[in-house]
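Examination of the molecular architecture
Here is how the chains run, residue by residue.
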Amino acid sequence: MKNRVIMTLLIITLCSINLLAQEGIKEEPSERERAKLSSQRLRYIKEENIYIATQNVLLDYEGNQISSDKLRLERNNDKAYFSGGVKLVREVGDIIDSQDLELDLKEDTLIAQDDVSLEAQRRGEALDLTSNYLKVWTKSNDMLAKEDVFLFHSGKEIYGDRLDYFDQLEEIRVKGNTKLDDDGELIKADELNIYLESESLNALGNVLLTRRDGDIISSNTLNIDGEEDELLAQEDVRLEAQRSGKPLELSSNYLKILTDSNDMMAKDNLFLLYDEKEVYGDRLDYFDQKEKMKVTGSARIDDDGEIIEAEELLIYLESGSLDAKDDVVLTRRDGDLIESNRLAIDAEEDILVAQKDVSLESQRRGRSLELSSNHLKIWTDSNDMLAKEDVFLLYDQKEVYGDRLDYFDEQEEMKVSGNAKLDDDGEVIKADELMIYLESGSLDAKDNVILTRRDGDLIEGNRLAVDADEDTLIAQEDVRLESNRGGKALELTSNYLKIWTDSNDMLAKDDVFVIYDNQEIRGDKLEYDDNKEEMVVTGSAEIKEDGQWMRSRRIVINLEDGSIDAQGQVEMEFDI
């Protein structure tokens, strides 16, 4: 008992000396810092001015308590080395456990090594750290940890090869195989800079972010702004996500996501793959709540070979529909090429509508077709079409004009209405409505029909049918013909007129009236043989000329020599 008391007194006496003072330097008592040390054994090496304490070592210094198995205190260097089960309780409340601890009393630093753990409070929240190396600048409370670093703070788990903590700035910098897990939102990078006050961060080099919603973002840089609720990825950005229940892959050099709304903006070398559609452009804006994307600047979408190019694309993810505007070019899978200033595709109704300066180049049943208008609607499942407003169509070297055109693909028919006009190499038909049968080349026209033939014939009527297979045309209802036969003008009116276009023969009936070579000719029926230049009028046939007339059941008129042959109940009145 006596020896133990002497040893304790010795220890207190020795350790009451100012630990910052070197041997031979006098200091005033008021400037000295006192330290208390206890242990089971203490050895002093006078030549080196070193104290070595072992077994249940406890040092109390400036409010800090350090316990260990061994202490080596080098007075000349103002350094203390603790080893074996080291535990430091700092004046600020930090608790550090390690196998080795070095205190540098000159530099105000401590270095803990081997199985280091730190329990602390920062910004009013618990901070737990483990590593194999920890250096603390005790005046500033800055820290450096390295080798298998793990930090838990503000609900975030942080891993890395090295961690620098700047207390005054409230910043953490992590380097080497870094990883941050924020309640399931995982970031990996070469370097992380974490700003505790704003809950923001900056990640550099081989960044990989796995978000809670399953989005995966890779890039070379990543900034997360906790105050603005946004993240910004830059340089070689790639996003893998799910939107509207379908996978989405995006690459660009810039990606900004508003984390509260999940809206995003991407630009610079933009590429998007969604629902097996490839999307390109200078910029993409995604609106999560509306499930809508806007692509601007050289925008392009490729849907399995159906390609749309425009200055702006609006894509509706849920319905699969889209709107395009300005310099729109659509190349369809069937080879159709559509250009316009506006394009809307309704995926639910299977229709597309092009507007303003529309042009279409197409193939229909093996025939080329070119169309222009200000409005074009196509039913994509049937390939039927409706065009209106300044319609022009070119097919089989025929020019078609009208206010509206309806095309029926399966029937290979077109209906043109409103100021309809067809120009077939100089043979022009005008009407209120035209029905054109593409396969046969035939057509029907109705209401206010006017046909101007290549040979100069002018035919008017309310109905006209052109049969390309039979080489005939039939005009009906208030028919009027202006022609030239036998080198003389011929005018004919009737309610029915049939012309064989290959031979130029004619058949007129129903209230027939002809003016030819100053003769007025009437009858129920008229047949004209162009080869013979012969006209046969039957059924109450009558010819009038200069007040003279002839009636008969049948009158044959030879246009070449002007001879007349009347047969059956002939009556005649003439001047003698």
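What you see as residue numbers is a count from 1 along each chain, following the sequence as written. Whole-chain, interface and lining totals are the exception, using all residues; otherwise, since this is a predicted model, local features are given only for residues with pLDDT of at least 70 and side-chain atom pairs are given and counted only at 80 or more. In computing side-chain values, all of the structure's heavy atoms are included and hydrogens and water are not.

The numbering of helices and of strands both runs from the N terminus, where a helix is a DSSP run of H or I of at least 4 residues and a strand a run of E of at least 2. Of regular secondary structure, the chain possesses one helix and 38 strands. Against the compact-globule benchmark of 25 Å for 576 residues, the chain has a radius of gyration of 50 Å, which places it well outside the compact range. Overall size of the chain, expressed as C-alpha extent along the three principal axes, is 180 × 35 × 30 Å. Here a residue-residue contact requires only that any non-hydrogen atoms of the pair lie within 4.5 Å. For the chain, the proportion of contacts with a sequence separation of at least 24, taken over those separated by at least 6, is 28%. Using a 1.4 Å probe, the Shrake-Rupley method yields the accessible areas, and only the shown protein chains count as cover for residues. Of the accessible surface of the chain, which amounts to about 29100 Å², a share of 41% is contributed by carbon and sulfur atoms. Seen as two clouds, the 71 positive and the 137 negative side-chain charges of the chain have centres 10 Å apart. Using C-alpha atoms as the atom set, the radius of gyration is obtained and then compared with a globule rule of 2.2 Å times the number of residues to the power 0.38. The positive count covers Lys and Arg only, the negative count covers Asp and Glu only, and His and the chain ends enter neither. Lys charges are placed at NZ, Arg charges at CZ, Asp charges at CG and Glu charges at CD.

Let us now look at the side chain of Asp-457. Mapped onto the secondary structure, Asp-457 falls in the loop between strand S29 (442-452) and strand S30 (458-467). The definition of a polar contact used here is a pair of N or O atoms within 3.5 Å, where within protein one atom must be able to donate a hydrogen and the other to accept one, and adjacent residues in sequence count solely through side-chain atom pairs. Polar side-chain contacts of Asp-457 include one of 3.2 Å to the side chain of Arg-485. For Asp-457, the residues in contact, after removing those within four places along its chain, are Leu-451, Thr-452, Leu-481, Glu-482, Ser-483, Asn-484, Arg-485 and Asn-504.

Let us look at the pattern of salt bridges. Pairs may arise between side chains of opposite charge once their charged atoms sit close together. A side-chain nitrogen of Lys or Arg and a carboxyl oxygen of Asp or Glu constitute a salt bridge if their distance falls within 4 Å. On inspection of all chains with the given rule, the structure shows 42 salt bridges. The partner of Glu-306 in a salt bridge is Arg-333, and the shortest N-O contact between them spans 3.7 Å. One end of the pair, Glu-306, is in strand S20 (residues 306-316); the other, Arg-333, is in the loop between strand S21 (322-331) and strand S22 (337-346), and 27 residues separate them in sequence. With a relative accessible area of 14%, Glu-306 lands in the buried category. Between Arg-463 and Asp-447 there is a salt bridge; the shortest N-O distance is 3.4 Å. Note that Arg-463 is positioned in strand S30 and Asp-447 in strand S29, a separation of 16 residues in sequence. Relative accessibility thresholds used throughout: buried, under 20% of the residue-type maximum; exposed, over 50%; partly exposed, between the two (1.4 Å probe, protein chains only). Arg-463 gets classed as partly exposed once you look at its relative accessible area, which sits at 32%.

What follows concerns a negative patch on the surface. Nonpolar side chains (Val, Leu, Ile, Met, Phe, Trp, Tyr) are joined into patches within 5 Å and like charges within 9 Å, using only residues with over 30% relative accessible area and no salt bridge. Where like charges cluster on the molecular surface, the negative patch consists of Glu-125, Glu-197, Glu-199, Glu-227, Glu-228, Asp-229 and Asp-260. Looking at the secondary structure, you find Glu-228 in the loop between strand S14 (216-225) and strand S15 (230-243). On the basis of relative accessible area, Glu-228 is assigned to the exposed category, the value being 52%.

Next up on the list: the packing of aromatic side chains. Aromatic pairs are defined between Phe, Tyr and Trp rings, using the six-membered ring for Trp, whenever the two ring centres lie within 6.5 Å; interplanar angles under 30 degrees are classed as stacked, those over 60 as edge-to-face, and all others as tilted. In this structure the tally under the stated criterion is four aromatic pairs. With centroids separated by 5.1 Å and ring planes inclined at 55°, the aromatic side chains of Phe-271 and Tyr-280 adopt a geometry described as tilted. Residue classification places Phe-271 among the partly exposed positions, given a relative accessible area of 24%. Here Phe-392 and Tyr-401 contribute two aromatic rings whose centre-to-centre distance is 5.0 Å and whose plane-to-plane angle is 50°, an arrangement assigned as tilted. Phe-392 gets classed as partly exposed once you look at its relative accessible area, which sits at 24%. We count a charge as sitting over a ring when the NZ of a lysine or the CZ of an arginine lies within 6 Å of the ring centre and within 35 degrees of the ring normal. The positively charged end of Lys-509 is found above the aromatic ring belonging to Tyr-496, 4.6 Å away from the centroid.

A separate point is the pairing of strand S1 (residues 35-38). Across a regular strand the side chains alternate sides, sitting on one face of the sheet and then on the other. The side-chain alternation of S1 yields one buried face, formed by Ala-35 and Leu-37, and one unburied face, formed by Lys-36 and Ser-38. Strands are labelled as partners when DSSP assigns at least two bridges between them. Bridge analysis of S1 against strand S3 (residues 50-61) gives four bridges, and the strand direction is antiparallel. Directly across from Leu-37, in S3, lies its bridge partner Leu-59.

Bridging between strand S23 (residues 351-364) and strand S24 (residues 367-379) involves twelve bridges; their strand directions are antiparallel. Across the sheet, the residue bridging to Ser-359 is Ser-372, located in S24. The antiparallel pairing of S23 with S24 creates a hairpin that spans two residues between the two strands, and Arg-365 there sits at a positive phi of about 50°. Between S24 and strand S25 (residues 384-395), which pair antiparallel one after the other, the connecting turn spans four residues, and Asn-383 there sits at a positive phi close to 70°.

Structurally, Ser-373 is set in strand S24. Looking at Ser-373, its side chain comes within polar contact range of the main-chain oxygen of His-375, at 2.9 Å. Once residues lying within four places of it in the same chain are set aside, the contact partners of Ser-373 are Asp-357, Val-358, Ala-387, Lys-388, Glu-389, Asp-390 and Val-391.

What follows covers the environment of Ser-483. Looking at the secondary structure, you find Ser-483 in strand S31 (residues 472-485). On a C-alpha basis, the gap between Ser-483 and Asp-455 in space is 8.6 Å, while along the polypeptide they are 28 residues apart. Residues within four places of Ser-483 in sequence aside, it is in contact with Asp-457, Lys-488, Ala-489 and Leu-490. Within the structure, the side chain of Ser-483 is placed 2.6 Å from the side chain of Asp-457, a separation counted as a polar contact.

Turning next to unusual backbone geometry. A positive phi angle is found at Glu-147, which is not glycine, with a value near 70°. By the element assignment, Glu-147 lies in strand S9 (residues 142-153). The backbone of Asp-471 shows a phi angle near 55°, a positive value even though the residue is not glycine. The topology assignment puts Asp-471 in the loop between S30 and S31. Judged by relative accessible area, Asp-471 falls into the partly exposed class, the value being 32%.

What follows concerns the confidence of the model for the chain. Caution is warranted with low-pLDDT regions, since their predicted coordinates should not be read in detail. Across the chain, the average pLDDT comes to 91, with 94% of residues at or above 70. Looking at any residue, its pLDDT shows the predictor's confidence there, from 0 to 100. Note on residues 1-31: pLDDT is under 50 here. Beyond four places in sequence and across chains, it has 36 contacts.

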